[in-house]
Amino acid sequence: MSKLFNRLLPLISNDLGIDLGTANTLVYLRGKGIVVTEPSVVAVNQKTGQVVAVGQAAKDMLGRTPGHLIAVRPLVDGVVSDFEATEEMLAYLINRAQGASRQLLGPRTVIGVPAGITNVEMRAVKDAAQNAGAREVYIVEEPIAAALGVRLPIREAVGSMIVDIGGGTVDIAVLSLGGIVRAKNLRVAGDKLNRDIIAYVRSEFKILIGEKTAEDVKMAIGSVIEGESRLEAVVRGRDLITGLPREIILTDQDVREAISQSIDTLIESVREVLETTPPEILSDVMRTGITLAGGGALLKGLDQLLAQWLKVPVTVADDPLTAVARGTGVILENLDLHQDLFLENDDDYA
Ligand SMILES: Nc1ncnc2c1ncn2[C@@H]1O[C@H](COP(=O)(O)OP(=O)(O)OP(=O)(O)O)[C@@H](O)[C@H]1O
Ligand SMILES: [Mg+2]
């Protein structure tokens with residue numbers, strides 16, 4: 001019965017992989033690949049309680065909404081902070097991912113969460129996905145998914161190391177034989193760099209800029225090592241003294257200064273993980289190197305800077321923003337093989 005059921009299942013139900021990120025949510029549809037990529041933002045009409053936009057459309061509203069509309073980011077530091085908004089966002093994205101190929105039964109889903117989150121935090125992700133229509137929810141730790149996504153040989157008796165730099169969290173992990181040997185989860189990631197830039201502009205130029213502006217600057221001219229030519233960005237904000245709009249020019253040097261402390265924290269955390277890694281595995285990592293994933297991996301010069309300080313080769317994964325989603329896809333394409341990667345179900349204790 002159950003064998004037959006398993007064979008019939010793909011005909012009446014989809015399998016989805018979801019990277020539920022602080023900054024971006026991606027959905028992988030088994031057999032198709034990544035079908036949805038949207039910023040993790042929801043806009044809500046406070047008068048009616050209705051969701052008016054999800055994803056990019058809602059992100060464009062951040063900081064610009066009239067009184068009765070609010071744009072919220074349902075996840076903070078990698079974990080659910082607004083349960084209802086998370087559920088609404090997932091429902092919308094799950095629906096969109098299935099599109100015309102929607103099936104009778106709700107989808108089975110594999111969802112990535114930061115390594116080391118609490119049971120309560122994991123429960124929130126599961127419940128939100130189930131309320132959003134998922135029939136079964138399997139939870140995998142993001143560094144494992146990211147490592148599978150970039151095709152690191154995590155099941156072999158060889159140590160590999162991945163650093164996933166997202167919007168809310170940095171997941172640092174050393175993996176071997178299908179498990180996490182050492183890991184550290186750091187809540188200093190892309191969002192913190194944006195806040196660093198806001199604080200720097202405020203103290204150096206006495207101007208208040210918005211989060212989106214700060215992120216644009218970071219992506220356009222941000223770097224951690226001085227390049228060959230000077231980069232500039234024109235930035236508009238509110239002069240804190242006159243209260244009026246003012247325009248200034250920021251350089252790559254400004255951004256480096258603004259984010260330097262956070263970057264130091266990142267380097268130190270990776271060093272700490274290396275320092276506690278058992279010697280045999282450490283020698284593997286020194287040979288095979290560290291792979292950077294997540295959007296933060298795109299920060300110019302980060303690979304070089306890490307390699308320089310840690311004396312370990314560092315490479316940026318191809319298409320680092322999709323690593324976790326591709327990893328959930330690898331799992332979905334062979335669910336039986338990868339069962340052991342799922343976090344224990346805590347249903348019995350709920
Ligand atoms: N070119 C770039 N340079 C620097 N940072 C970038 C660049 N492109 C994207 N980012 C940053 O990457 C972050 C988003 O990455 P990603 O989508 O991997 O995060 P996430 O998975 O949503 O977050 P988390 O894993 O923490 O929950 C944002 O903070 C964004 O500003
Ligand atoms: Mg992520």
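Read on for an overview of the structure. (Residues numbered from 1 in each chain as written. Chains lettered and ligands numbered in written order. Predicted model: local features only at pLDDT ≥ 70, side-chain atom pairs only at ≥ 80, totals over all residues. Heavy atoms only, no water.)

## A short note on the sheet that holds strand β4 (residues 42-45)
Paired through their backbone hydrogen bonds, the strands of a sheet run either parallel or antiparallel.
Okay, step 1: On the basis of which strands lie adjacent, the open sheet formed by three strands has the order β5-β4-β6 and antiparallel pairing. The sheet is open, and its two borders are formed by β5 (51-54) and β6 (69-72), each paired with just one other strand. Strand after strand, the sheet turns through a mean of 20° between neighbouring axes, direction not considered.
Okay, step 2: For β4 and β5, the ladder comprises three bridges, and the chain directions are antiparallel. (Pairing = 2+ DSSP bridges. Helix = DSSP H or I, 4+ residues; strand = E, 2+ residues; numbered from the N terminus. Axes fitted to C-alpha atoms, helices over the stretch in contact; angles between N-to-C directions.)

## So, the side chain of Glu215
Okay, step 1: Summarising the element assignment, Glu215 is placed in helix α7 (residues 211-221).
Okay, step 2: Those residues in contact with Glu215, other than ones at most four positions away along the chain, are Lys59 and Asn194. (Contact = heavy atoms within 4.5 Å.)

## As for the pairing of strand β2 (residues 24-29)
Okay, step 1: Where burial is concerned, most of β2 is hidden: five out of the six residues are buried.
Okay, step 2: Two elements, strand β1 (residues 15-20) and β2, share five bridges in a ladder whose sense is antiparallel. Across the sheet, the residue bridging to Gly17 is Tyr28, located in β2.
Okay, step 3: Here β1 hands over to β2 after three residues, the two strands then running antiparallel side by side.
Okay, step 4: Note that β2 and strand β3 (residues 33-39) share six bridges and pair antiparallel. Looking at the pairing, Leu26 lines up with Thr37 of β3. (Buried < 20%, exposed > 50% of the residue type's maximum accessible area, 1.4 Å probe, protein only.)

## Details of unusual backbone geometry
Okay, step 1: Unlike most non-glycine residues, Leu177 shows phi in positive territory, near 50°.
Okay, step 2: Structurally, Leu177 is set in the loop between β12 (170-176) and β13 (179-186).
Okay, step 3: At Lys311, a position not held by glycine, the phi torsion is positive, near 60°.
Okay, step 4: For Lys311, the position within the fold is in the loop between α10 (302-310) and β18 (314-316).
Okay, step 5: A relative accessible area of 65% places Lys311 in the exposed class.

Don't take any of this as a statement about function, it's just geometry.
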